Amino acid sequence: MTPTSNSMTSTSAKFGIRRRSSLQRSTSAREARFMQFAGVLPPDAPDPMDEIRARVRTMAFPVMGLTPQRTVEDHGSFGVSDGHDSDGLSNQSVSISYTLWRNPDDRDDPANLAELDERTRAALDEEPPWPRPGWLVQGVQRMRYPQLWEVVRTTWNRDRSEYTSLSRQLVDHANYILMNRFGEELRLPPGPLTDRAWEVTESAVDPTAELEIDGRSVSASEIDTDPLVYAIGAHLSPDVVVTVVVSREDLPYLRIALTTRARES
């Protein structure tokens, strides 16, 4: 059954890097009123990701992540989506993003920096004259480095259909990453897309692959024909699928293996 509605919860930040100064360690009442009027977060504002992490802890299915490795930094960044129909909750997905370190032995190595245009880099360098929450400052710092954005997705579906098969979910995840991360390379126009020639199709899925999950090899399906991304996925149970979509330029730095992510306290 196709979901009739869907919601995505996520968070992002685009402010400058914080410098610790006496001005920024204290906020006057006047400054606080200005910050509230200007829509600026106070330094004690809660991290919106905390609410998402709390939701993830309540999921009835195991959430998968990349097996810990030196080139990958897990900072607890999740995306959660829910699908609903007339019978209630029909599906849930949890996606995990990471920071990629091309040279984990030297994090100051310029090779670790993301390719940013001048406008984006200038925005990251801009410093507001007020203090900001620590989680926001850390998020800004991470934007300077390559992100494995929503690279692992675990999805539960209540009902089986053509839309919930492993091959369909693998294709959907791959196209989601292509559309959101490779729009420039694919020359996708802004707004609704009418030309879908760029999309991966189910004919590209190879069902004879294998994927390491929790230390053992399991049957999997993969897409290894797209020039921009590599994708692989497997069933965790009849109603739960995990998929991984990685940029091809990031593949040399990763070991594609999955581990059940421990529930956070």
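Residues numbered from 1 in each chain as written. Predicted model: local features only at pLDDT ≥ 70, side-chain atom pairs only at ≥ 80, totals over all residues. Heavy atoms only, no water.

A. View of the overall build of the chain. A tally of regular secondary structure across the chain gives seven helices and ten strands. Accessible area for the chain stands at about 14,900 Å²; split by element, carbon and sulfur atoms hold 50% of it. (Helix = DSSP H or I, 4+ residues; strand = E, 2+ residues; numbered from the N terminus. Areas by Shrake-Rupley, 256 points an atom, 1.4 Å probe, with all protein chains shown as cover.)

B. Expanded view of the nonpolar core. Residues Val152 and Leu258 are the most contacted members of the largest nonpolar core, which totals 33 residues. Residues Leu178, Val200, Val229 and Ala231 belong to the second largest nonpolar core, which totals 15 residues. (Core = buried A, V, L, I, M, F, W, Y, C linked by side-chain atoms within 4.5 Å. Buried < 20%, exposed > 50% of the residue type's maximum accessible area, 1.4 Å probe, protein only.)

C. Structural view of unusual backbone geometry. The phi dihedral of Glu150 is positive, around 45 degrees, even though this residue is not glycine. Phi at Arg187 takes a positive value of approximately 55 degrees, unusual for a residue other than glycine. Mapped onto the secondary structure, Arg187 falls in the loop between helix 7 (183-186) and strand 6 (206-213).

D. Up close: the pattern of salt bridges. According to the stated counting rule, one finds 13 salt bridges in the structure shown. Linking Asp74 and Arg261 is a salt bridge whose minimum nitrogen-to-oxygen distance equals 2.7 Å. Pair noted here: Asp74 is in strand 3 (residues 72-85) and Arg261 is in the segment after strand 10 (257-260), with a separation of 187 residues, a long-range link. Taking relative accessible area as the criterion, Asp74 reaches 37% and is therefore assigned partly exposed. The partner of Asp125 in a salt bridge is Arg144, and the shortest N-O contact between them spans 2.8 Å. In this pair, Asp125 is assigned in helix 4 (residues 118-125) and Arg144 in the loop between helix 5 (134-142) and strand 5 (147-157), connecting sequence segments 19 residues apart. The class for Asp125 is partly exposed, based on a relative accessible area of 44%. Beyond isolated ion pairs, a larger network of salt bridges with shared partners links Asp47, Asp50 and Arg53. (Salt bridge = Lys/Arg side-chain N within 4 Å of Asp/Glu carboxyl O.)

E. Quick peek at the pairing of strand 6. Examined bridge by bridge, strand 6 and strand 7 (residues 216-223) share six bridges and lie antiparallel to one another. Along strand 7, the bridge assignment pairs Ile213 with Arg216. With antiparallel pairing between neighbouring strands as the criterion, strand 6 and strand 7 make up a hairpin whose turn holds two residues, including Asp214 at a positive phi of roughly 50 degrees. (Pairing = 2+ DSSP bridges.)

F. Quick peek at helix 6 (residues 166-181). End to end, helix 6 covers 22 Å across 16 residues, agreeing with the expected 22 Å (1.5 Å per residue, within 8%). Residues of helix 6 that are buried include every one of Leu166, Gln169, Leu170, Val171, His173, Ala174, Asn175, Ile177 and Leu178, and no others. On its buried face, helix 6 sits against strand 5, helix 7, strand 7, strand 8 (229-237) and strand 9 (240-247). (Expected span 1.5 Å × (residues − 1). Contact = heavy atoms within 4.5 Å.)

G. Representation of the environment of Arg107 within the structure. Inspection of the secondary structure puts Arg107 in the loop between strand 4 (88-100) and helix 4. Counting along the chain gives 38 residues from Arg107 to Tyr145, while the straight-line C-alpha distance between them is 9.9 Å.

H. Focus on the packing of aromatic side chains. Overall, the coordinates contain two aromatic pairs when judged by the stated rule. Ring geometry for Trp149 against Tyr176: centres 5.4 Å apart, planes inclined by 20 degrees, an arrangement best described as stacked. Of this pair, Trp149 sits in strand 5 while Tyr176 sits in helix 6, and the two are 27 residues apart along the sequence. A residue is classified by how much of its surface remains accessible, and Trp149, at 26% relative accessible area, is partly exposed. (Phe/Tyr/Trp six-rings, centres within 6.5 Å; stacked < 30°, edge-to-face > 60°.)

I. Representation of helix 3 (residues 48-57) in the model. Buried residues of helix 3: Met49, Ile52, Arg53 and Val56, and no others. Buried positions in helix 3, seen along its axis, are confined to an arc of 100 degrees and lie on one side of it. Its side-chain oxygen placed 2.9 Å from the backbone nitrogen of Met49, Asp47 serves as the N-cap of helix 3. (Arc of directions from axis to C-beta. Polar contact = N/O pair within 3.5 Å; in protein donor to acceptor, adjacent residues only side chain to side chain.)

J. Expanded view of a negative patch on the surface. Taken together, the side chains of Glu115, Asp117, Glu118, Glu184, Glu185 and Glu249 make up a negatively charged region of the molecular surface. Among the structural elements, Glu118 can be located in helix 4. Overall, the relative accessible area of 74% leaves Glu118 in the exposed class. (Patch = residues over 30% accessible without salt bridge, like charges linked within 9 Å, V, L, I, M, F, W, Y side chains within 5 Å. Lys, Arg positive; Asp, Glu negative; His and termini not counted. Charge placed at Lys NZ, Arg CZ, Asp CG, Glu CD.)

K. Structural detail: the environment of Val240. Summarising the element assignment, Val240 is placed in strand 9. Through-space distance from the C-alpha of Val240 to that of Ser93 is 9.5 Å; in sequence the pair is 147 residues apart. Once you skip the residues sitting within four places of it in the chain, Val240 turns out to touch Phe61, Thr154, Thr155, Trp156, Ala234 and His235.

L. Expanded view of the pairing of strand 3. Most of strand 3 is tucked away, with eleven of its 14 residues classed as buried. In the sheet, strand 3 pairs with strand 4 via eleven bridges, with the strands oriented antiparallel. The partner of Phe78 across the bridge, within strand 4, is Ile96. The hairpin formed by strand 3 and strand 4 contains two residues between the paired strands.

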